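Observations on the model geometry
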Amino acid sequence: MKTQLKKGTLDMCVLAALAAGDSYAYELVSILSRSMEVSEGTMYPLMRRLQAEAWVSTYLVESASGPSRKYYTLTAEGRRQLTLMQQEWQEFVCDVNSVLQLAAGRATGEIA
């Protein structure tokens, strides 16, 4: 179940990380890996898709330790989508919590 939940929320998590500041893909993996399991193999296709949706844009930054890095930045549309996703997530969490509370009440006999 956790894997399916992650798949459904990974876009929102990436957009939220970018809302805190521009980043490159490997750094995003590092940021998200603090809380969930994410691989580079998942991140690069996701970033291409977010770019195709025009939720992120890119720019190159020279690196002293190798090739230029592609940084991702949130677009205005990306910020709008993030806000919508966060609202939907909060509504979903409330809905699930309501069901769980109802079920717990029925289990204890508080609700017939």
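The notes below deal with the structure included here. (Residues numbered from 1 in each chain as written. Predicted model: local features only at pLDDT ≥ 70, side-chain atom pairs only at ≥ 80, totals over all residues. Heavy atoms only, no water.)

**As for the pattern of salt bridges**
Once the charged atoms of two side chains with opposite charge are near each other, the side chains can pair. Here the structure, examined in full by the defined rule, presents two salt bridges. Note that Asp-11 is salt-bridged to Arg-49, the shortest N-O span being 2.7 Å. One end of the pair, Asp-11, is in helix H1 (residues 2-19); the other, Arg-49, is in helix H3 (residues 40-52), and 38 residues separate them in sequence. Here Arg-49 falls in the partly exposed class, since its relative accessible area comes to 38%. (Salt bridge = Lys/Arg side-chain N within 4 Å of Asp/Glu carboxyl O. Helix = DSSP H or I, 4+ residues; strand = E, 2+ residues; numbered from the N terminus. Buried < 20%, exposed > 50% of the residue type's maximum accessible area, 1.4 Å probe, protein only.)

**A closer look at H3**
With 13 residues, H3 should cover 18 Å at 1.5 Å per step; its first-to-last C-alpha distance of 18 Å lies within 8% of that length. Met-43, Leu-46, Met-47 and Leu-50 are the residues of H3 that are buried. Seen end-on, H3 carries its buried residues on one side only, within an arc spanning 105 degrees. Across from the buried face of H3, at angles greater than 90 degrees, the exposed residues are Gly-41, Arg-48 and Ala-52. Where H3 is buried, its residues meet H1, helix H2 (25-33), strand S2 (56-63) and strand S3 (66-74). One or two positions beyond H3, positive phi appears at Ala-54, with a value near 65 degrees. (Expected span 1.5 Å × (residues − 1). Arc of directions from axis to C-beta. Contact = heavy atoms within 4.5 Å.)

**Quick word on the nonpolar core**
Grouped together as the largest cluster of nonpolar side chains are 21 residues, with contacts concentrated most on Val-14, Leu-15, Leu-18, Met-43, Met-47, Leu-50 and Val-56. Contributing elements (two or more residues each) for this core: H1, H2, H3, S3 and helix H4 (76-107). Among the elements that make up this core, the one with the highest residue count is H1 (six residues). Ignoring any residue separated from it by four or fewer positions in sequence, one finds Val-56 in contact with Leu-15, Leu-18, Met-47, Leu-50, Gln-51, Tyr-72, Thr-73, Leu-74 and Thr-75. (Core = buried A, V, L, I, M, F, W, Y, C linked by side-chain atoms within 4.5 Å.)

**Some points on the packing of aromatic side chains**
All chains considered together, the criterion is met by three aromatic pairs. Ring centres of Trp-89 and Phe-92 lie 6.0 Å apart, and the angle between their planes is 40 degrees; on these two criteria the pair is classed as tilted. Here the residue Trp-89 and the residue Phe-92 both occupy positions in helix H4, the gap between them amounting to three residues, near one helical turn. Judged by its relative accessible area of 43%, Phe-92 falls in the partly exposed class. Grouping aromatic residues by their ring pairs yields a cluster made of Tyr-24, Tyr-59 and Tyr-71. Across the ring face of Tyr-24, the terminal group of Arg-69 is positioned such that the distance to the ring centre comes to 4.2 Å. (Phe/Tyr/Trp six-rings, centres within 6.5 Å; stacked < 30°, edge-to-face > 60°. Lys NZ or Arg CZ within 6 Å of the ring centre and 35° of its normal.)

**What about the packing of H2 against H3?**
At a closest axis distance of 9 Å, the pairing of H2 and H3 adopts a crossing angle of 120 degrees. For the element pair H2 / H3, the angle class is oblique. For the pair H2 and H3, the sense of crossing is right-handed. Taking contact as the criterion, the partners of Ala-25, Tyr-26, Leu-28, Val-29 and Leu-32 in H2 are, on H3, Glu-40, Met-43, Tyr-44 and Met-47. A class-by-class count of the residues in the contact of H2 with H3 yields eight nonpolar, no polar and one charged. (Axes fitted to C-alpha atoms, helices over the stretch in contact; angles between N-to-C directions. Parallel < 35°, antiparallel > 145°, perpendicular 65-115°, else oblique. Left-handed = near helix turned anticlockwise from the far one by under 90°. Nonpolar A, V, L, I, M, F, W, Y, C, P; charged D, E, K, R; others polar.)

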